[in-house]
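Structural overview for review
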Amino acid sequence: MIFDVFNGDADGICALQQLRLADPLESALVTGIKRDIKLLEKITPEPGDSVTVLDVSMEKNKAALIQMLEKGISVTYFDHHMAGDIPEYPNLDVHIDTAPNVCTSLLVNGYLKGKFLAWAVTGAFGDNLYDSAIRAAKPLALSQIELDALRELGTCINYNGYGASIDDLFYAPDDLFRKVHPYENPLDFIAADPAFEVLKNGYADDLNQAGTLKPEIEEQSVAMFVMPDEKWARRISGVFANQLAREHPARAHALLTEKPDGSFLVSVRSPLENKAGADKLCSQFPTGGGRQAAAGINQLESASLESFVNAFRATYSAA
């Protein structure tokens, strides 16, 4: 059996899209909401099986990965998050780059030598790597309208991955992958599949509600917003943070979404002018992690809120 394990955001979906367009085959799709990253624990491959992992932190899946490797299972790993110490096994093929201007879709694009570049550009836009996406897109010679369409698609696919559960999303990520998969050109998906309009309209509605929020903290180097325990807030939190980062490139942003138990779901974006620190900041707290430019905490207890605010300020006030 072949397992495709991928993050449920735009980068994970667009990375897998490229690989499976290049190498079409039937596989078991293993994914979840964007914050559901301990995905290797969900499968029990047997010797002779193979596993491809895309846009999922190796550091957070190390124990399950090593168990697979010890059983002789072949694993191919593409990612740009903190990896920790990478195990050395002959049956592990690693493609990891944690540079802040790289995403998994761009890594797969390099591996495939640009064969499905438009999907890599879409994934980079979805990961808020606008400059990287625009640079990568140059060989495509797209019009500005076409480039804007890929940006909007990437944003909408990424938006669909956020939520506390699959019930918060418009489409389960594996279903959304199945919808995009027939299309070699993402512009054809935009034109032909009604899912794009569903996501586009949902994104616009949720973003309008987010625009009414006032920051709890607004300083020269940092800003923090607290969002209510509502489906729309959980869906928009990540892409709203991306938008704030673009609008205020010298400022770091934290979005805290209230959870029913009084804790918070946290999204952090480093300043676009200095894409560093988010991973180390969030990793100070249980359930935290991510990459240098963007990271999060799945459950920040209310008792730790002051400590988080202090650490947030300390990370970026001195940057």
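Read on for a plain summary of the structure.

Basis of the calculations
Residues numbered from 1 in each chain as written. Predicted model: local features only at pLDDT ≥ 70, side-chain atom pairs only at ≥ 80, totals over all residues. Heavy atoms only, no water. Disulfide = S-S within 2.5 Å. Buried < 20%, exposed > 50% of the residue type's maximum accessible area, 1.4 Å probe, protein only. Core = buried A, V, L, I, M, F, W, Y, C linked by side-chain atoms within 4.5 Å. Helix = DSSP H or I, 4+ residues; strand = E, 2+ residues; numbered from the N terminus. Contact = heavy atoms within 4.5 Å. Salt bridge = Lys/Arg side-chain N within 4 Å of Asp/Glu carboxyl O. Phe/Tyr/Trp six-rings, centres within 6.5 Å; stacked < 30°, edge-to-face > 60°.

Thoughts on the state of the cysteines
Here, the word disulfide means a covalent bond between the sulfur atoms of two cysteines. As enumerated under the stated definition, the model contains 0 disulfides in all. Unpaired in terms of disulfides, Cys103 finds its nearest cysteine sulfur in Cys14, a separation of 8.7 Å. There is no disulfide at Cys156, and the cysteine sulfur nearest it, in Cys14, is 12 Å away. The class of Cys156 is buried, set by a relative accessible area of 1%.

Re the nonpolar core
One finds Leu54, Trp119, Val121 and Ile157 to be the most contacted residues of the largest nonpolar core, which totals 44 residues. Only helix H1 (10-22), helix H3 (104-111), helix H4 (117-126), helix H5 (130-137), helix H6 (144-160), helix H7 (173-180), helix H8 (186-192) and helix H9 (195-210) provide two or more residues apiece to this core. Look past the residues within four positions of Val121 in its chain and what remains in contact with it is Ala133, Ala136, Ala137, Leu140 and Leu150. Listed in part, the 21 residues of the second largest apolar core include Ile217, Val222, Ala311 and Tyr316.

Concerning the pattern of salt bridges
The final tally for this structure, using the stated rule, is 13 salt bridges. Lys34 is the salt-bridge partner of Asp9, the closest N and O atoms lying 2.6 Å from each other. Placement of the pair is Asp9 in the loop between strand E1 (2-6) and H1 and Lys34 in the loop between strand E2 (28-30) and strand E3 (50-54), with a sequence separation of 25 residues. Since its relative accessible area comes to 0%, Asp9 is described here as buried. Given a relative accessible area of 17%, Lys34 falls into the buried group. Here Asp23 makes a salt bridge to Arg20, at a shortest N to O gap of 3.8 Å. Bridged by salt links that share partners, the residues Asp4, Arg20 and Asp23 form one connected network.

Some remarks on the packing of aromatic side chains
Evaluation of the coordinates by the stated rule reveals 10 aromatic pairs. Where Phe6 meets Phe177, the ring centres are 5.9 Å apart and the plane angle is 55°; that geometry is what we call tilted. Remark: Phe177 occurs in helix H7 and Phe6 occurs in strand E1; sequence separation between them is 171 residues. On the basis of relative accessible area, Phe177 is assigned to the buried category, the value being 6%. Between Tyr159 and Phe170, the aromatic rings sit 6.1 Å apart at their centres with planes inclined by 40°, giving tilted as the arrangement. Taken together, the positions of Tyr159 in helix H6 and Phe170 in the loop between H6 and H7 put the pair 11 residues apart, joining distant regions of the chain.

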